[in-house]
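Coordinate inspection notes
These are the residues of each chain, in order.
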Amino acid sequence: MKNIAVFASGTGSNARKLIEYFKQSPLGRVSLVVSNKANAGVLDIAREHGVETALITRAGFYENDDFLQVLREKKIDFIVLAGFLWLVPAWLVKAYRGRIVNIHPALLPKYGGKGMYGIHVHEAVVAAGERESGITIHQVNEHYDEGDTIFQARCPVLPGDTAADLAKRVLTLEHRHFPEVVEQALATL
Ligand code: GAR
């Protein structure tokens, strides 16, 4: 049974799906939720499910690798970024290379990189007149949205869609696929 840490900065709807899914999985469980925001909704979701939480600060995360000790104490095997908006520092990539994945709400390599998160992604996709969008689940390296792709799923961008309409459709796709893709990744560890 592998221990998963979910890193998230916001609402945490994907974190919720992951926590719930892994309550039933023989391969892993979400045993830690990490956030950089004290008032992030994801922390309430974790508490509601009895999952331990940890808060990181910018200084603590980027100036030293002390947080590795927390991950080791909790015996974390695998890290899932689910709406986590900070760049993952080199020490963490190095310690967990091949064992950190991220979900991105577009078809990378398009609409990725710094500043491309959440609704900004969908605004850019709609503004460009794309006919389809989707999700990308990928390995995490030292650069935003650049690690190897593990999985993509597509959905249409419909005529008249607002960024909010598209965000909803893409989020549904995330909820449907993310836990299973993480479980498949755990199976290969
Ligand atoms: C998700 O759509 C995720 O793909 C996106 O943030 C949202 C978080 O929603 N991540 C990024 O944009 C990363 N570049 P949630 O908090 O409800 O899971």
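A brief structural summary. Note that the coordinates shown come from a computational prediction; the quantities given were computed from them, not determined experimentally.

Here we take up the pattern of salt bridges. A complete count under the given rule lists seven salt bridges for this structure. One salt bridge connects Glu 52 with Lys 74, and the closest N-O pair in it is separated by 2.7 Å. Highlighted residues: Glu 52 in strand E3 (residues 52-55) and Lys 74 in the loop between helix H4 (67-73) and strand E4 (78-81), separated in sequence by 22 residues. A salt bridge links Glu 132 to Arg 154, with the shortest nitrogen-to-oxygen separation between them at 2.6 Å. Of the two residues, Glu 132 sits in strand E6 (residues 132-139) while Arg 154 sits in strand E7 (residues 149-156), which places them 22 residues apart along the sequence. Since its relative accessible area comes to 49%, Arg 154 is described here as partly exposed.

Taking strand neighbours across the sheet as the criterion, the seven strands line up as E3-E2-E1-E4-E5-E6-E7 in an open arrangement whose pairing is mixed. Both edges of this open sheet fall to E3 and E7, since each of them pairs with a single strand only. Looking at each pair of strands side by side, their axes are set apart by 20° on average, direction ignored. As judged from the four bridges shared by strand E2 (residues 28-35) and E3, these two strands associate in the parallel manner. Its bridge partner being in E3, Val 33 is matched across the sheet by Thr 53.

Turning next to the environment of Asp 66. Relative to the assigned elements, Asp 66 resides in the loop between helix H3 (58-63) and H4. Remark: the alpha-carbon pair of Asp 66 and Ala 153, spanning 87 residues in sequence, is separated by 36 Å.

On to the pairing of E2, then. Where burial is concerned, most of E2 is hidden: seven out of the eight residues are buried. By the bridge criterion, six bridges tie strand E1 (residues 2-7) to E2 in an arrangement that is parallel. Each residue of the ladder has a partner; that of Ile 4, found in E2, is Val 30. Regarding topology, helix H1 (residues 13-22) serves as the crossover connection from E1 to the parallel E2, and that connection is right-handed. Regarding the hand of the β-α-β motif, the stretch spanning E2, helix H2 (residues 41-48) and E3 is right-handed.

Rules used throughout
- Residues numbered from 1 in each chain as written.
- Predicted model: local features only at pLDDT ≥ 70, side-chain atom pairs only at ≥ 80, totals over all residues.
- Heavy atoms only, no water.
- Salt bridge = Lys/Arg side-chain N within 4 Å of Asp/Glu carboxyl O.
- Helix = DSSP H or I, 4+ residues; strand = E, 2+ residues; numbered from the N terminus.
- Buried < 20%, exposed > 50% of the residue type's maximum accessible area, 1.4 Å probe, protein only.
- Pairing = 2+ DSSP bridges.
- Axes fitted to C-alpha atoms, helices over the stretch in contact; angles between N-to-C directions.
- Right-handed = clockwise from strand over helix to strand, strands pointing away.

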